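# Understanding the architecture of this molecule
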Amino acid sequence: MIFRPELILIFLFFLSDSTESDLDSERFTAEPEDAVLAKGQVHMLRCSVENLIGEVQWLRDGFGLGLGTEFEGFPRYKVLRNEHLGDHTLMINNVQLTDDAFFQCQVGATAASQGLRSRRAKITVLR
């Protein structure tokens, strides 16, 4: 058997390259969770993204609430952002029966990333 150091270097290059790209790719570090709530509560739906490239948007029953931290038509909803931590928590103030829905956090696709969707969280509001 012949020892060929150049093959080892090539192998190590490809190994380090794929590991680096895996480490640099966008991924969720916190996703929203199901909750059963009483009317009037304040509730936080977590969404944290590591290595964020795209823009974060919240979905309610599959429809985007919009970009930004406050949303027209949803005055009780607000996104609390901590860009340093990649956190984009959706706060629902004064929970009402109309908040009984599925919520999901989405990261938009860019030229450098495919985009992501978190798990769907079911918010159930007690009558």
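### Some details on the overall build of the protein chain
A count of helical and extended segments in the protein chain gives 1 helix and 12 strands. Seen in sequence order, the protein chain has helices and strands lined up from the N terminus as α-β-β-β-β-β-β-β-β-β-β-β-β. Looking at the protein chain residue by residue over its 127 residues, the buried ones come to 32%. Within the protein chain, contacts between residues at least 6 apart in sequence are counted, and of these 57% link residues at least 24 apart. Of the roughly 8300 Å² that the protein chain leaves accessible, carbon and sulfur atoms contribute 56%.

### Quick word on the packing of aromatic side chains
Inspection of every chain in the model, using the stated rule, returns 2 aromatic pairs. The interplanar angle of 20° and the centroid separation of 5.2 Å between the aromatic rings of Phe74 and Tyr77 together place this pair among those described as stacked. What makes Phe74 partly exposed here is its relative accessible area of 25%. Arranged with centres 6.0 Å apart and planes meeting at 65°, the rings of Tyr77 and Phe103 form a pair that is edge-to-face. Here Tyr77, found in strand 8 (residues 74-82), pairs with Phe103, found in strand 10 (residues 101-107); they are 26 residues apart in sequence, far enough to count as distant. Phe103 shares its class with Tyr77; the two are buried. Through pairs of rings, three or more aromatic residues link up here, namely Phe74, Tyr77 and Phe103. When the ring centre of Phe102 is taken as reference, the NZ or CZ atom of Arg120 above it lies at 3.9 Å. The side chain of Lys122 reaches across the aromatic face of Phe102, ending 5.4 Å from its centre.

### So, the state of the cysteines
Per the stated rule, a full pass over the model turns up 1 disulfide. Between the sulfur of Cys47 and that of Cys105 lies a disulfide, 1.9 Å long from S to S. Torsion about the S-S bond of the Cys47 and Cys105 cystine: about -60°, corresponding to left-handed handedness. You can see Cys47 sitting in the loop between strand 3 (43-45) and strand 4 (48-50) and its partner Cys105 sitting in strand 10, a full 58 residues away along the chain. We note that Cys47, like Cys105, is buried.

Rules of the game
- Residues numbered from 1 in each chain as written.
- Predicted model: local features only at pLDDT ≥ 70, side-chain atom pairs only at ≥ 80, totals over all residues.
- Heavy atoms only, no water.
- Helix = DSSP H or I, 4+ residues; strand = E, 2+ residues; numbered from the N terminus.
- Buried < 20%, exposed > 50% of the residue type's maximum accessible area, 1.4 Å probe, protein only.
- Contact = heavy atoms within 4.5 Å.
- Areas by Shrake-Rupley, 256 points an atom, 1.4 Å probe, with all protein chains shown as cover.
- Phe/Tyr/Trp six-rings, centres within 6.5 Å; stacked < 30°, edge-to-face > 60°.
- Lys NZ or Arg CZ within 6 Å of the ring centre and 35° of its normal.
- Disulfide = S-S within 2.5 Å.

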